[in-house]
Amino acid sequence: MGPIRLACSDAVACTDITMTDVELLPAGGGEDALLAEPYCWNAYGMMETLTLPPVYCLQEGRPESLQDQLTTC
């Protein structure tokens with residue numbers, strides 16, 4: 001399991017996530033220890049600054065269903 005898990009609901013996505021100044025390091029194993037890759041599911045946002053580990057799994061924009069709801073309100 002990775003140190004960063006953004007596992008959002010299938011029905012309602014997590015939106016507007018901003019990752020800023022995140023630096024997670026392994027608890028043991030020295031400088032050569034590796035962290036597991038971050039995990040994202042139905043998560044939308046951006047990395048404002050470089051994070052460790054990088055959270056490249058965040059999706060850009062908004063989910064289609066949310067965009068549809070916003071335009072019909």
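Everything below is about the structure printed above this text.
Conventions and cut-offs
Residues numbered from 1 in each chain as written. Predicted model: local features only at pLDDT ≥ 70, side-chain atom pairs only at ≥ 80, totals over all residues. Heavy atoms only, no water. Helix = DSSP H or I, 4+ residues; strand = E, 2+ residues; numbered from the N terminus. Buried < 20%, exposed > 50% of the residue type's maximum accessible area, 1.4 Å probe, protein only. Contact = heavy atoms within 4.5 Å. Disulfide = S-S within 2.5 Å. Salt bridge = Lys/Arg side-chain N within 4 Å of Asp/Glu carboxyl O.

How would you sum up unusual backbone geometry? Please name residues and give values.
The omega torsion of the bond from L52 to P53 falls at -5°, within 30 degrees of zero and hence cis. The topology assignment puts P53 in the loop between β4 (43-47) and α1 (64-72). Of note, the phi angle at D16 is positive, near 60°, even though the residue is not glycine. Positive phi outside glycine occurs at D21, with the angle close to 55°. By the secondary structure assignment, D21 is in the loop between β2 (14-19) and β3 (39-41). Residue classification places D21 among the exposed positions, given a relative accessible area of 65%.

Residue-level account of the environment of A13, with values.
With respect to the helices and strands, A13 occurs in the loop between β1 (5-7) and β2. Overall, the relative accessible area of 17% leaves A13 in the buried class. Filtering out sequence-adjacent residues up to four positions away, A13 remains in contact with C8, N42, Y44 and P63.

Give a detailed account of the state of the cysteines, specifying residues and quantitative values.
Enumeration according to the criterion identifies two disulfides in this entry. Shown here is the disulfide that connects C8 with C14, its sulfur atoms set 2.1 Å apart. Since a negative S-S torsion denotes a left-handed disulfide, the C8-C14 link at about -110° is left-handed. Of the residues examined, C8 reaches a relative accessible area of 8% and is grouped as buried.

Which residues make up the pattern of salt bridges, and what values do they have?
Within this structure, the stated rule accounts for one salt bridge. When the shortest N-O distance is used, the salt bridge between R62 and D16 registers 3.3 Å. With R62 in the loop between β4 and α1 and D16 in strand β2, this pair connects stretches of sequence that are 46 residues apart.

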